[in-house]
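Observations on chain architecture
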Amino acid sequence: MSVTASSDLNVGVPAINWQSDDMKSRRKRRYAADRRLQAYGLVAIIFALGFLAILISSLIYTGNSAFTQSVAKIEIDLSTGGIDRTKLADADWRGVVRGALRAQLPGLSRSDERKYFEMFTSSGQFILRDAVVADPSRLDRKSTFVIPLADPFDQLAKGQVSRDTPEAQRRVTDKQIGMFDQLVSKGIVSRPFNWALFFNADSRFPELAGLAGAISGSFWSLLVCFVISFPVGIAAAIYLEEFAPKNKLTDLIEVNINNLAAVPSVVFGLLGLAVFLGWFGMPRSAPIVGGLVLSLMTLPTLIIVTRVSLKSVPSSIREAALGVGASKHEAIFHHILPLAMPTIMTGAIISLARALGESAPLLLIGMNAFITSPPDGVFEASTALPTQIFMWADSPERGFVARTSAAILVLLGFLVLMNGIAIFLRQRFERRW
Amino acid sequence: MNMMSEAAVEKALDKSMSDAGLKMIGKDVSVYYGEKRALFDVNLNVRKNTVTALIGPSGCGKSTFLRTLNRMNDTIDGCRVTGKITLDNADIYDPSVDVVELRARVGMVFQKPNPFPKSIYENIAYGPRIHGLAKTKSDMDRIVESSLQRAGLWNEAKDRLQEPGTGLSGGQQQRLCIARAVAVSPEVILMDEPCSALDPIATAKVEELIHELRTNFTIVIVTHSMQQAARVSQRTAMFHLGNLVEENDTDKMFTNPDDQRTQDYIMGRFG
Amino acid sequence: MSGYLLAFLALAALSMAYIGNSRAKATHKAAVGKVHSRPIYHGLNVAIWTAVPAFVLLLVWLVFQSTIVNQLVLAGIPGSENFDPSASSILMSEVRQVASGNLFKEPSPEVKAAAAHYQSLQGIAAYLMAAAVAVAAAIGAFFGLKVIGSRYRARHSVELSVTLFMMFSSLLAILITLGIVFSLVFEAFHFFTKVPFTEFLFGLRWEPQIAMRADQVAGQGAFGVIPVLYGTFLISAIAMIVAVPTGILSAIFLTEYSHPKFRAVVKPLLEILAGVPTVVYGFFAVLTVAPAIRDLGFALGFEASPNSALAAGAVMGVMIIPFISSLSDDAFAAVPRAMREGSYALGATKGETIRKVLLPAALPGIVGGVLLALSRAVGETMIVVMAAGLIAKLTLNPLDAVTTVTVQIVTLLIGDAEFDNPKTLAAFALGLVLFIVTLILNLIALHTVRKYREKY
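Owing to the predicted nature of the structure, the values given are computational and were not obtained by experimental measurement.

**A closer look at the overall build of chain B**
Across its full length, chain B holds eleven helices and ten strands. The C-alpha radius of gyration of chain B comes to 19 Å, within 12% of the 18 Å expected for a compact globule of 271 residues. When its C-alpha atoms are laid out on the principal axes, chain B stretches across 60 × 50 × 35 Å. With 271 residues in all, chain B has 46% of them scored as buried. A sequence separation of at least 24 residues applies to 69% of the contacts in chain B between residues at least 6 apart.

Structure follows, in structure tokens:
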């Protein structure tokens, strides 16, 4: 690096005219390319968020009608009828219901009457029976009885069946529409909030189908999942983070956990089917098995989350506890774990929310059974919210389209609630060190 | 009217200063990071073909000032610059100024060598390529070669131009970064503590290089080593707590400074 | 029964903890010299001795009871020695149905007898179990109380139990993997005894409809995995074509261009896409996207299948966007600031810096993210079960219907599964293939990401 050599070089330093037209137009092009990239990015985001907006709004659009249900309110006087009080279950409830309906539109021909009865849910007799069993005083007086309209007429009431469609292409005849209008003008038909959606279990008839079974099935499954994965996950995380020696085995466990977190959920379903149902002979479709499978799925995530939050507690706290003579266990369980708990809880709730939305493994262990009563415990056959959605989405009746969307909205509502709690916990209790 | 005349006076003043060989002029430069003020009304001129050293204790604002000279502060969120800085009498904070052009004319070398994860050749060709300085492949080859030669790296790198720049030693990486800056033919090169991550031998090489580059470039260097400032620079500016304490010829600064604080700092009383 | 037993164990543990605690207090008071553990540890120690062995016994009992009872019942049915496994499992399920009172038709006298036998055995087993658990708890409590003394190191004992539980918990991760591998390999092995391995691996036809009765015409099924894998690949590829550019571009915008406030709002919104359950996407694909694609195809003169690969793939792609976006985000954030500054200082625009410096530097991280996303696409189930087809077809046309590995697993196993049917076993063979493919993808991805993290 002699001075002379570099002086020679310096003679040739080109003077660049940055203001030349060439340079100016080049810079223009470069800035245009920059803006293009920015625009592509924005378009990508708009695409993704637009999709989300369409998804949510189409669900609300199709699902909102399922939150109300058309019903007919009719007066029934049971004091005159010959109902045997000792044999309530065997009384001719069907006759009673039909009689009461007949009274609303008297003088129909036999075939018209059959068409007329089609307008109401076919399970009206059971609804009346259950109402009377629940409140026997109805036998002594006139009382109002609410009977849901059958699905096609519910659609008609909600304006989802167009009267302009040719008669042959719709499930309601012109005559039935006429009868329907008569009922409406008498003020019998109303459309209250559809509590049945939350308090009924599944049914073949859309107007009666509800989510009670699915919600309680999901609740029991998540309970099992939480009871198993929470303590086990924390215990494993503490061991790996605080106690485990650094060796081949713990490395293997580490790689293994990261891997398990990315194994497709359907594989866990296969595991559950082969091991829990096949080898252990546990009951099919039961929330206990669903919860077990879900807990195996959430365990890896939970371990990872817990380890991160244990790591974030400064070691000075551990040293302080050890310094006053606490054992290692005491330092961890009295000091570190409580400090890490808010973050662990946040992670646990988010994992549970994820488990709540999981359906593939539940399908494989049979939690898509058609069951018309909510389960009373973890050993009884049941569905879960996402599998119920799957089943309803497969049903051909039009009323189930709206109900599927409504069920999805309910599921999303639970997810929003759980994530909201998690975010609240994080903001309220999380410490920054 | 009054304002007009004031502007006219200022312009005349600027002109006279540039005639005296001033490449860049900083007038009442203040820098804010959000609410926090990091520089207080600094007035500092940079002379053409001169090495100007900025010294002072850490956190004194010398790097902040350096980064205002090619508007690198723009890349930091919440950073705001007031006052006026000119390059060849044109205000570089004027809205019509093109930052891309400005940074091509005022290059920069950083504290830690930061070669791109590309080959040595591509590291140097990157600048000329984006600015369109080479029409042909052989033009580019020439630029790469002359830049490496100017940075004193040609002999060490000519046989491994296609190897990754990150494979070089620390000192070589820093000279690669200098070659990368030189390749765009800037008028001013800013160096932010370029030797702080290097060993003494590599440092000596870079210092020698700075000395040679002076013939063609105007150089502003931030250093925490007073010996280095004394070795490489002709002018020295001393910063303290965001203020410019003193600016002087380097020889004078290190023998007979005007300001007591400069003396204290040079004697090692603080910092 | 087991529920009551669990409650009993919990109660016993609590009361023993209390008794142990007060006993230890008393002995400590009377003790001369140093006391080792605080009374509460003695209490905990007794509780552990009481509940844990009894609980383990209960679990083991529950696992083996049904198998043993089934064997005993089966042995009691005349002529059952000659049954093959499938016949006896059908018979047993009938017996169980009868025993629980679900009568579809009048059962044969043998079944009736067996059902009665079954019921009595179940009753005996339940009482035996309760007795065994109670005895185990009592023995445990006795030992626990006996060792209480001022010099007994109850804290060590309790901490040892806790450590053992923690060790077992972390080993569980390996047990789960082993469980997956063994159950898949075991059932797949059964499958390969019925269908040749080479036919499965290289066969070009997938028609798993095995005749239920001998006289049905459907005849022999075909179990060639190639078209199923191909369908999986086609749908995943469509998903990646949607997700990769969108994810990376949105990450670029969010990390490099957008205002922090915009980012703070948009990033969580994007994450919502990953939080939506897949069954919801499946429904959306069927309800909205597939008809839209069909109409669009019709308008353009193409014929689109109602469950086209395009609909399922596109919706799956949207689901994956946040994965790629957030992993690319991490990768961009991991590129040191010095790299950006070096580029800006040379007069590069933001776009040039991103394309020529950041992208190459972040590439390994992005590739890792894309591989993880691909593994997710391959293993994704609900969207394809609802929106993709059932027929395995080798076609390049994205408007055609294809089937995937996960779709076949679910359709083969939905409904009552008997474990000796090639149809059922085929699902496990497919599961094994799926597990291996995703495992390889995950391992490569995790390895790439980790190596890349070390670099900076």
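**Notes on the interface of chain B and chain C**
In this complex, chain B contributes 23 residues to the contact, which on the side of chain C involves 16 residues. Residue composition of the side of chain B that touches chain C, by class: eleven nonpolar, six polar and six charged.

**Considering the sheet that holds strand β1 (residues 71–77) of chain A**
Taken together, the three strands give an open sheet; going across it, the order is β2-β1-β3 (chain A), and neighbouring strands pair in antiparallel fashion. Strands with a single pairing partner mark the edges of an open sheet, and in this sheet they are β2 (142–148) and β3 (189–190) of chain A.

**With respect to the domain arrangement of chain A**
Under the domain assignment, chain A is made up of domain 1 (1–66), domain 2 (68–193) and domain 3 (212–429). Its C-alpha centre places domain 1 of chain A at a distance of 66 Å from the equivalent point of domain 2 of chain A.

**Some remarks on the sheet that holds strand β10 (residues 243–249) of chain B**
All names here are of chain B. Taken together, the six strands give an open sheet; going across it, the order is β6-β7-β8-β3-β9-β10, and neighbouring strands pair in mixed fashion. The open sheet has two edge strands, β6 (106–109) and β10, and neither has a second partner. When strand polarity is set aside, the average angle formed by the axes of neighbouring strands in this sheet is 20 degrees. With five bridges connecting them, strand β7 (residues 188–192) and strand β8 (residues 218–222) associate as parallel partners. Paired with Ile189 across the two strands is Ile219, which belongs to β8.

**Brief notes about the packing of helix α11 (residues 265–279) of chain A against helix α5 (residues 154–194) of chain C**
The geometry of α11(A) relative to α5(C) is characterised by a closest axis approach of 9 Å and an angle of 70 degrees between their N-to-C directions. On the basis of their axis angle, the class for α11(A) and α5(C) is roughly perpendicular. On α5(C), the residues that touch Val267(A), Leu270(A), Leu271(A), Ala274(A) and Val275(A) of α11(A) are Gly179(C), Ile180(C), Ser183(C), Leu184(C) and Glu187(C). Its residues assigned to classes, the contact of α11(A) with α5(C) comprises seven nonpolar, two polar and one charged.

**Here we look at unusual backbone geometry**
Residue and element names in this part refer to chain B. For Asp41, which is not glycine, the phi torsion reads 40 degrees and is therefore positive. Mapped onto the elements of the fold, Asp41 is located in strand β2 (residues 36–47). Here Asp41 falls in the partly exposed class, since 14 other C-beta atoms lie within 10 Å of it.

**Here's the deal with the environment of Pro148(A)**
Residue and element names in this part refer to chain A. For Pro148, the location among the structural elements is in strand β2. Look at Pro148 and you get buried, because 22 C-beta atoms sit within 10 Å. Once the C-alpha coordinates of Pro148 and Phe120 are considered, the two residues, 28 residues apart in sequence, prove to be 6.2 Å apart.

**Focus on the interface of chain A and chain C**
Quoted interface sizes are often the accessible area lost when the parts come together. Counting residues at the interface gives 64 residues for chain A and 70 residues for chain C. Elements with a contribution of two residues or more to the side of chain A that touches chain C: α2 (21–63), α9 (212–243), α10 (248–260), α11, α12 (287–311), α15 (360–364), α16 (385–394) and α17 (398–429) of chain A. Ranked by residue count, the leading element in the side of chain A that touches chain C is α2(A), at 18 residues. By residue class, the composition of the side of chain A that touches chain C is 47 nonpolar, 15 polar and two charged.

Each value, and the rule that gives it
- Residues numbered from 1 in each chain as written.
- Chains lettered and ligands numbered in written order.
- Predicted model: local features only at pLDDT ≥ 70, side-chain atom pairs only at ≥ 80, totals over all residues.
- Helix = DSSP H or I, 4+ residues; strand = E, 2+ residues; numbered from the N terminus.
- Rg over C-alpha atoms; globule rule 2.2 N^0.38 Å.
- Buried ≥ 20, exposed ≤ 12 C-beta atoms within 10 Å, placed from the backbone.
- Contact = placed C-beta atoms within 7 Å.
- Nonpolar A, V, L, I, M, F, W, Y, C, P; charged D, E, K, R; others polar.
- Pairing = 2+ DSSP bridges.
- Domains from an automatic or database assignment.
- Axes fitted to C-alpha atoms, helices over the stretch in contact; angles between N-to-C directions.
- Parallel < 35°, antiparallel > 145°, perpendicular 65-115°, else oblique.

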